[in-house]
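# Working through the structure, step by step
One-letter residues, chain by chain:
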Amino acid sequence: MKILAVGDIFGEAAAGALGGKIRAVCKAAGVTPELTVVNGENAAEGRGLTPETAREIFSAGADIITTGNHIWDKRVIYDYLDSEPRILRPANYPAESYGVGYNVVNVSSYRVLIMNLLGCAFISPVPACPYETAERIFGRERGRYDFALIDFHAEATGEKLAFARYIDSHREYRVAAIWGTHTHIQTADEKILPFGTGYITDIGMTGPEGGVIGVKPENIISVMKNKMPAKFEVADGNIALHGALFEIDPERAVTTGVCRVSS
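Just so we're clear, the structure is a prediction, and the values are computed from it rather than from any experiment. Within each chain, residue numbers correspond to sequence positions counted from 1 in written order. Restriction of local features to residues with pLDDT of at least 70 applies here, the model being predicted, together with a cutoff of 80 or more for giving and counting side-chain atom pairs; totals for whole chains, interfaces and linings are based on all residues. Side-chain numbers here rest on the full set of heavy atoms in the structure, without hydrogens or water.

### Brief notes about the nonpolar core
Here, the term nonpolar core denotes a set of buried Ala, Val, Leu, Ile, Met, Phe, Trp, Tyr and Cys residues that are joined through side-chain atoms within 4.5 Å. Partly exposed describes any residue whose relative accessible area lies between the buried limit of under 20% and the exposed limit of over 50%, with all areas from a 1.4 Å probe on protein chains only and scaled to the type maximum. Counting residues in each nonpolar core, the largest one holds 33 residues, and the members touching the most others are Leu4, Ile9, Leu18, Leu49, Ile57, Ile65 and Ile87. A run of H or I in DSSP becomes a helix once it reaches four residues, and a run of E becomes a strand once it reaches two; helices and strands are each numbered from the N terminus. Looking at this core, the elements that each hand over two or more residues are β1 (2–6), α1 (12–29), α2 (51–59) and α3 (78–83). At six residues, the largest contribution of residues to this core is made by α1. Residues Val37, Trp179, Ile200 and Ile248 belong to the second largest nonpolar core, which totals 24 residues.

Pasting the structure below:
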């Protein structure tokens, strides 16, 4: 089974270009993914998600939209989250939060549990422990899914890898792949961990190449060099997609191949 994970959509132009970019990636790889998971937390003006941008991402080919710490930036999405279980907010937000943090979907006769988690390092406010959250969900859903996938949205590379190695060592959870999002920089460390979990620290961003992680350079420079506050605006330039393609053995719940993709 082929799983395509697409990195953080940054801005409306990227959401609009997504369908063509997905088709280009699939054509280049010679595959048709059975499941496409897209992180959409920055699709609306570079911060947050709206119902309109979510629908555009689904129309482009996403089966599931994952998010992260910016999911609450647009209040218009709150009630929509409660009515659209294909959009995931991090599962380690309080249970009273809008929406859901995981879902079990049917893919080619297999039950796939897809989970969205948020890291704790350099994230404010600090969410609940992702380890405890994941363990609680896997315990609750035991026997109700064939394999699991996790989008781990976190700042620190070490936190992502430590979490992945822990989950990999617990094969009873049947996690076939874990990928990182949030930094908007695609990392070159795709691998299969010792017990079979496919992994990459960050799948990167889908957004304008003319900026700094999607933002206009002058905005970032104002903050970094001049120590002046600036409103972050979506950069100009060609839209590039970054992500990862996982080949999964659904019977064994392991990854048999993983590669970075871009378009």
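### Focus: the sheet that holds strand β10 (residues 198–200)
Any two strands with at least two DSSP bridges between them are considered paired. Within the open sheet, the six strands sit side by side as β5-β6-β7-β8-β10-β9. Their pairing is mixed. Looking at strand neighbours, the two that pair on one side only are β5 (102–107) and β9 (191–192), the edges of this open sheet. Relative to strand β7 (residues 147–153), strand β6 (residues 110–118) runs parallel, the two being bridged by seven bridges. When the bridges of β7 are listed, Leu117 appears paired with Phe152. Residue contacts are counted whenever heavy atoms from the two residues lie within 4.5 Å of one another. For every element, the axis is a line fit to its C-alpha atoms; helices are fit only across the contacting stretch, and the angle between N-to-C directions ranges from 0 to 180 degrees. Where helix α4 (residues 130–141) meets the sheet, its contacts fall on β5, β6, β7 and β8 (175–181), and the angle it forms with β6 comes to roughly 160°. Against the sheet, helix α5 (residues 157–169) engages β6, β7, β8 and β10, with an angle of about 175° to β8.

### Regarding the pairing of strand β3 (residues 35–39)
Burial within β3 is extensive, with five of its five residues counted as buried. Of the two faces of β3, the one holding Leu35, Val37 and Asn39 and the one holding Thr36 and Val38 are both buried throughout. Here four bridges tie β1 to β3, and the two strands are oriented parallel to one another. Its bridge partner being in β3, Leu4 is matched across the sheet by Thr36. Alignment of β3 against strand β4 (residues 64–66), held across three bridges, turns out to be parallel. Paired with Val38 across the two strands is Ile65, which belongs to β4. Orient the strands so they point away from the viewer, and a crossover whose first-strand-to-second-strand path over the helix runs clockwise is right-handed. You can see the chain leave β3, run along α2 and come back into β4, and the turn it takes is right-handed.

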